[in-house]
Amino acid sequence: MISSNLLIPILWIFSYVFPMEEATSIEKTITPPPLSLYEQLAETSASLPNKEVFDLALKGWKKLSGELKSQVITIIDFSLPSTEKRLWIIDPQNKMVLLNTVVSHGRNSGNLMASKFSNQPESYQSSLGFYKTAETYQGKHGYSLRLDGLEKGFNDQARNRAIVIHGADYAREEFAKNVGRLGRSLGCPALPTEISSKAIDFIKGGSLLFIYGKDSYYLKSSALIQASVELSAS
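Residues numbered from 1 in each chain as written. Predicted model: local features only at pLDDT ≥ 70, side-chain atom pairs only at ≥ 80, totals over all residues. Heavy atoms only, no water.

1. Focus on the sheet that holds strand β7 (residues 190-192)
Two strands in a sheet stick together by hydrogen bonds in their backbones, pointing the same way (parallel) or opposite ways (antiparallel). Just so we agree on the cut-off: Whether two strands pair comes down to DSSP finding at least two bridges between them. The way it works is that DSSP assigns letters per residue, a run of H or I at least four long becomes a helix, a run of E at least two long becomes a strand, and they are numbered from the N terminus. Structural elements are reduced to axes, namely lines fitted to C-alpha atoms, with helices fitted over the stretch in contact, and the angle between N-to-C directions of any two is expressed from 0 to 180 degrees. By the convention used here, residues are in contact when the closest approach between their heavy atoms is within 4.5 Å.
Spatial ordering of the open sheet is given by β3-β2-β1-β8-β4-β5-β6-β7, a layout of eight strands whose pairing is mixed. The open sheet has two edge strands with one neighbour each: β3 (96-101) and β7. For this sheet the average axis-to-axis angle between neighbouring strands, irrespective of direction, equals 30 degrees. One ladder, built from four bridges, connects strand β4 (residues 129-139) with strand β8 (residues 208-212); its direction is antiparallel. Residue Phe 130 lies in a different strand from β8, and its bridge partner there is Phe 210. Packing against the sheet, helix α6 (residues 193-203) makes contact with β1 (73-77), β2 (87-91), β3, β4, β5 (142-149), β6 (164-168) and β7, and its axis sits at approximately 120 degrees to β7.

Take a look at the structure:
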């Protein structure tokens, strides 16, 4: 048992080595790092794109921000089967996922999975890469949204090919339950009829759309993708 004569010096030495004020000061300076946009979105949304795909889209969005009129980002991940909700509309300013839904790919890109992509007219395949949304119009599929491809050789023929966002009954989840996959378009990212107008109004007029797919040639050759990779490495 420590005598009272020894206890006082020991307490004095302890307070000198570990001063309370300094410890409190250190605690105050240790703050957790701020959450990334992806982490903030995860707090309010049960479904998000793959982190790697999201990061590519976000870096492209930052690089192209001077050309955009809307801050909303749309991501389509064609590495997922058409039965999954593989389109996300994201509001990065308010840290919200505005919409998550199924989306069709082109009929010659594949059945359940999209594995082939083309920029060529009459190919009836989907095109990968970064797009800017343009004007709306009324067409054979009703309320539709034109797209301008921003990547030469990969999607810059989108307007000539009439690659647009529109609603279609074959793009509904009920269709997939009956057939085992969504119906396929002529290359357009078609949405369920009941939500297509809402989606178009979210993204029309100059926002960014990024369509991702497992295509090694695109991933190695896209100037925007390579710029994003270099940005990550620096």
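2. Focus on the layout of surface pockets
The test is simple: Cavity: a set of points on a 1 Å grid over the protein atoms alone where a 1.4 Å probe fits but cannot get out. Pocket: an open set with protein on both sides within 12 Å along at least five of seven lines, its lining residues, like those of a cavity, having an atom within 4 Å of a point. Grid points are joined across faces, edges and corners, and a volume is the space filled by probe spheres set on the points. Under the grouping applied here, Gly and all other residues not named as nonpolar or charged are polar, the nonpolar ones being Ala, Val, Leu, Ile, Met, Phe, Trp, Tyr, Cys and Pro and the charged ones Asp, Glu, Lys and Arg.
Counted as a void, the largest pocket has a volume near 370 Å³. Along its surface, the largest pocket is lined by 21 residues, and Lys 140, Arg 161, Ala 162, Leu 186 and Cys 188 are the ones closest to its centre. Looking at the lining of the largest pocket, the elements with two or more residues in it are β4 and β6. Of the residues contributing to the lining of the largest pocket, the split by class is nine nonpolar, seven polar and five charged.

3. Brief notes about helix α3 (residues 37-44)
Basically, it comes down to this: With a 1.4 Å probe rolled over the protein chains alone, any residue whose accessible area is under 20% of its type maximum counts as buried; one over 50% counts as exposed, and the rest are partly exposed. Within this analysis, the arc is defined by the directions that extend from the helix axis to the C-beta atoms.
Among the residues making up α3, those that are buried are Leu 37, Tyr 38 and Leu 41. Relative to the axis of α3, the buried residues are bounded by an arc of 95 degrees and lie together on one face.

4. Observations regarding the environment of Leu 191
Along the chain, Leu 191 turns up in strand β7. Look at Leu 191 and you get buried, because its relative accessible area is 2%. Between the C-alpha atom of Leu 191 and that of Leu 87, which follows or precedes it by 104 residues, the distance is 9.2 Å. In this view, Leu 191 contacts Leu 87, Thr 101, Val 102, Val 103, Ile 165, His 166, Gly 167, Ala 168, Ala 171, Ser 196 and Ala 199; residues no more than four positions away in its chain are not counted.

5. Examining the nonpolar core
Put simply, the rule reads: Throughout this description, the term nonpolar core refers to a set of buried Ala, Val, Leu, Ile, Met, Phe, Trp, Tyr and Cys residues connected via side-chain atoms within 4.5 Å.
If you look at the biggest cluster of nonpolar residues, it comprises 49 residues, and the most contacted ones within it are Phe 54, Phe 130, Ile 165 and Phe 210. The element contributing the most residues to this core is helix α4 (residues 51-64), with seven residues. Leaving out residues up to four positions away in the same chain, Phe 54 has contacts with Leu 37, Tyr 38, Leu 41, Pro 49, Ile 75 and Ile 90.

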